[in-house]
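Results of the structural survey
What follows is the residue order along each chain.
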Amino acid sequence: MDEHKEILEQLLAKQAELTRRLENIKQNITGGRSADSQEQAQELENAEVVDALGNEAQHELKLIARAINQIRNSTYGDCVDCGKNIPPARLKAYPFAERCIDCATRAESRDRHSS
Ligand SMILES: [Zn+2]
């Protein structure tokens, strides 16, 4: 687990930041509604944007939670295809990488062929 200490710290910081941001977004959505209909329309539009941001943050939070779990279970950084360790440099650039570079390249060309 010490091995990924730096990434874990980054993930925890990011998790805290996103959680705070989500709280703000929720407060914006549930915040006061004005009586003016034009303003209401504007607020509705804002709420949609805010909703999209919220979904993005939630998606990222899920990835972060999974990575944190994996670090704690010592399965973080294992390639899901070949089981080898993903190089630390790759994990630093892509903390949510599930595959080593070889398998990722293979998976990408597989996706391209199937689509
Ligand atoms: Zn692999």
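Everything below is about the structure printed above this text.
Below: a short report on this structure. For clarity, every value in this text was computed on a predicted model and none was experimentally measured.

Remarks on the overall build of the protein
Helix and strand counts for the protein stand at four helices and zero strands. Ordering the α and β elements of the protein from the N terminus gives α-α-α-α. Relative to a compact globule of 115 residues, whose C-alpha radius of gyration would be 13 Å, the protein shows 19 Å and is clearly more extended. In terms of overall dimensions, the protein has a C-alpha envelope of 60 × 40 × 20 Å along the principal axes. For the protein, the proportion of its 115 residues judged to be buried stands at 24%.

Re the coordination of the zinc ion
Of the protein atoms, only Cys79 (SG), Cys82 (SG), Cys100 (SG) and Cys103 (SG) coordinate the zinc ion, at distances of 2.3 Å. Binding-site remark: the zinc ion is held by donors from one chain whose sequence spacing is C-x2-C-x17-C-x2-C. Of this pair, cysteine 82 sits in the loop between α2 (37-72) and α3 (88-93) while cysteine 103 sits in helix α4 (residues 101-114); the two residues are 21 residues apart in sequence, bridging distant segments of the chain. Exposure remark for cysteine 103: the relative accessible area of 4% places this residue in the buried category.

Section: the nonpolar core
One finds Ile7, Leu11, Ile71, Tyr76 and Leu91 to be the most contacted residues of the largest nonpolar core, which totals 18 residues. Of all the secondary structure elements, the ones that give two or more residues to this core are α1 (5-30) and α2. For this core, the element with the most residues is α2, which contributes six residues. Beyond its immediate sequence surroundings of up to four residues, isoleucine 7 is in contact with Ile71, Tyr76, Leu91 and Lys92.

About the criteria used
- Residues numbered from 1 in each chain as written.
- Predicted model: local features only at pLDDT ≥ 70, side-chain atom pairs only at ≥ 80, totals over all residues.
- Heavy atoms only, no water.
- Helix = DSSP H or I, 4+ residues; strand = E, 2+ residues; numbered from the N terminus.
- Rg over C-alpha atoms; globule rule 2.2 N^0.38 Å.
- Buried < 20%, exposed > 50% of the residue type's maximum accessible area, 1.4 Å probe, protein only.
- Donors = N, O, S within 2.8 Å, 3.2 Å for Na, K, Ca; no water.
- Core = buried A, V, L, I, M, F, W, Y, C linked by side-chain atoms within 4.5 Å.
- Contact = heavy atoms within 4.5 Å.

Nothing here speaks to function; it is geometry throughout.
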